[in-house]
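This is what each chain is made of:
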Amino acid sequence: MMAKVTLLYFASLRDAAGASSETLETAAPDLSALYGEARSRHGFALPVERLRVAVDGAFARWEDAVRDGAEIAFIPPVSGG
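Reading the values: the criteria
Residues numbered from 1 in each chain as written. Predicted model: local features only at pLDDT ≥ 70, side-chain atom pairs only at ≥ 80, totals over all residues. Heavy atoms only, no water. Helix = DSSP H or I, 4+ residues; strand = E, 2+ residues; numbered from the N terminus. Polar contact = N/O pair within 3.5 Å; in protein donor to acceptor, adjacent residues only side chain to side chain. Pairing = 2+ DSSP bridges. Contact = heavy atoms within 4.5 Å. Axes fitted to C-alpha atoms, helices over the stretch in contact; angles between N-to-C directions. Phe/Tyr/Trp six-rings, centres within 6.5 Å; stacked < 30°, edge-to-face > 60°. Buried < 20%, exposed > 50% of the residue type's maximum accessible area, 1.4 Å probe, protein only. Lys NZ or Arg CZ within 6 Å of the ring centre and 35° of its normal.

Asks: Help me understand the side chain of Thr26 in this model?
Replies: Examined against the element boundaries, Thr26 turns out to sit in strand 2 (residues 21–26). A distance of 2.9 Å separates a polar side-chain atom of Thr26 from the backbone nitrogen of Ala28. At 2.7 Å, the side chain of Thr26 forms a polar contact with the side chain of Glu37.

Pasting the structure below:
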(Lines give C-alpha, C1' and ligand atoms only; values in the text may rest on other atoms or scores of the structure.)
Protein backbone atom coordinates (compact mmCIF):
# COMPACT_ATOMS: atom_id res chain seq x y z
CA MET A 1 0.00 0.00 0.00
CA MET A 2 1.34 3.42 -0.97
CA ALA A 3 1.62 6.30 1.48
CA LYS A 4 2.21 9.94 0.57
CA VAL A 5 4.59 11.48 3.09
CA THR A 6 6.67 14.61 3.56
CA LEU A 7 10.29 14.05 4.55
CA LEU A 8 12.23 16.72 6.44
CA TYR A 9 16.03 16.80 6.27
CA PHE A 10 18.41 18.62 8.60
CA ALA A 11 22.14 19.45 8.65
CA SER A 12 24.26 17.02 6.59
CA LEU A 13 21.16 15.26 5.25
CA ARG A 14 19.76 18.55 3.95
CA ASP A 15 23.10 19.28 2.28
CA ALA A 16 23.22 15.85 0.61
CA ALA A 17 19.59 16.00 -0.56
CA GLY A 18 19.95 19.58 -1.76
CA ALA A 19 16.63 20.40 -0.10
CA SER A 20 15.17 20.70 3.38
CA SER A 21 12.09 18.64 2.49
CA GLU A 22 10.39 16.57 -0.17
CA THR A 23 7.01 14.94 -0.63
CA LEU A 24 6.85 11.47 -2.11
CA GLU A 25 4.88 8.27 -2.36
CA THR A 26 6.37 5.17 -0.82
CA ALA A 27 5.53 1.55 -0.19
CA ALA A 28 8.08 1.31 2.66
CA PRO A 29 6.56 -0.73 5.51
CA ASP A 30 8.37 1.11 8.31
CA LEU A 31 10.45 4.20 9.00
CA SER A 32 13.75 2.32 8.74
CA ALA A 33 12.92 1.12 5.22
CA LEU A 34 11.79 4.63 4.29
CA TYR A 35 15.13 6.06 5.40
CA GLY A 36 16.83 3.33 3.35
CA GLU A 37 14.96 4.54 0.26
CA ALA A 38 15.95 8.16 0.91
CA ARG A 39 19.53 7.14 1.66
CA SER A 40 19.93 5.29 -1.64
CA ARG A 41 18.28 8.14 -3.58
CA HIS A 42 20.39 10.95 -2.04
CA GLY A 43 23.57 9.11 -1.03
CA PHE A 44 23.29 9.86 2.70
CA ALA A 45 26.44 8.76 4.52
CA LEU A 46 24.86 8.25 7.94
CA PRO A 47 23.46 4.83 8.84
CA VAL A 48 20.05 4.61 10.48
CA GLU A 49 21.69 3.81 13.84
CA ARG A 50 23.18 7.33 13.98
CA LEU A 51 19.86 9.14 13.46
CA ARG A 52 16.68 9.95 15.34
CA VAL A 53 13.33 9.95 13.60
CA ALA A 54 10.23 11.99 14.36
CA VAL A 55 6.71 11.72 12.97
CA ASP A 56 4.39 14.72 13.07
CA GLY A 57 6.63 16.46 15.59
CA ALA A 58 7.08 13.57 18.06
CA PHE A 59 10.02 11.19 18.31
CA ALA A 60 9.20 7.77 16.86
CA ARG A 61 10.75 4.29 16.63
CA TRP A 62 12.37 3.07 13.42
CA GLU A 63 10.06 0.05 13.38
CA ASP A 64 6.91 2.23 13.39
CA ALA A 65 4.74 1.92 10.28
CA VAL A 66 4.75 4.64 7.64
CA ARG A 67 1.40 6.47 7.77
CA ASP A 68 -0.21 8.24 4.83
CA GLY A 69 -0.02 12.01 5.22
CA ALA A 70 2.73 11.92 7.87
CA GLU A 71 5.51 14.48 8.16
CA ILE A 72 8.69 12.53 8.91
CA ALA A 73 11.92 14.16 10.08
CA PHE A 74 15.29 12.44 9.87
CA ILE A 75 17.50 14.06 12.51
CA PRO A 76 21.29 13.57 12.40
CA PRO A 77 23.50 13.91 15.49
CA VAL A 78 24.22 17.53 16.36
CA SER A 79 27.73 18.59 17.23
CA GLY A 80 28.58 21.71 19.11
CA GLY A 81 29.54 23.03 22.44
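Asks: How do you make sense of the sheet that holds strand 1 (residues 3–9) when you look at a structure like this?
Replies: Hydrogen bonds between backbone groups are what pair the strands of a sheet, and the pairing can be parallel or antiparallel. Across the sheet, five strands lie side by side as 2-1-5-3-4; this open sheet has mixed pairing. Every interior strand has two partners, whereas the edge strands, strand 2 and strand 4 (58–59), have only one. Sheet contacts for helix 2 (residues 31–42): strand 1, strand 2, strand 3 (52–55) and strand 5 (71–75); angle to strand 1, the most-contacted strand, approximately 65 degrees.

Asks: Honestly, the packing of aromatic side chains in this entry has me stumped. Any pointers?
Replies: Aromatic ring pairs are reported here in terms of the distance separating the ring centres and the angle at which the planes meet. Going through the model one piece at a time under the given rule, you end up with six aromatic pairs. Measuring from centroid to centroid gives 5.3 Å for Tyr9 and Phe44, while their planes differ by 65 degrees, and the two rings are edge-to-face. In this pair, Tyr9 is assigned in strand 1 and Phe44 in the loop between helix 2 and strand 3, connecting sequence segments 35 residues apart. Among the residues examined, Phe44 registers a relative accessible area of 4% and is labelled buried. Between the aromatic rings of Tyr9 and Phe74, the centroid separation amounts to 6.4 Å while the plane-to-plane angle is 25 degrees, which identifies the pairing as stacked. Taken together, the positions of Tyr9 in strand 1 and Phe74 in strand 5 put the pair 65 residues apart, joining distant regions of the chain. Like Tyr9, the residue Phe74 is buried in the burial classification. Members of the aromatic cluster, joined through ring pairs, are Tyr9, Tyr35, Phe44, Trp62 and Phe74. Sitting over the face of the ring of Phe59, Arg52 holds its NZ or CZ atom 3.9 Å from the ring centroid.

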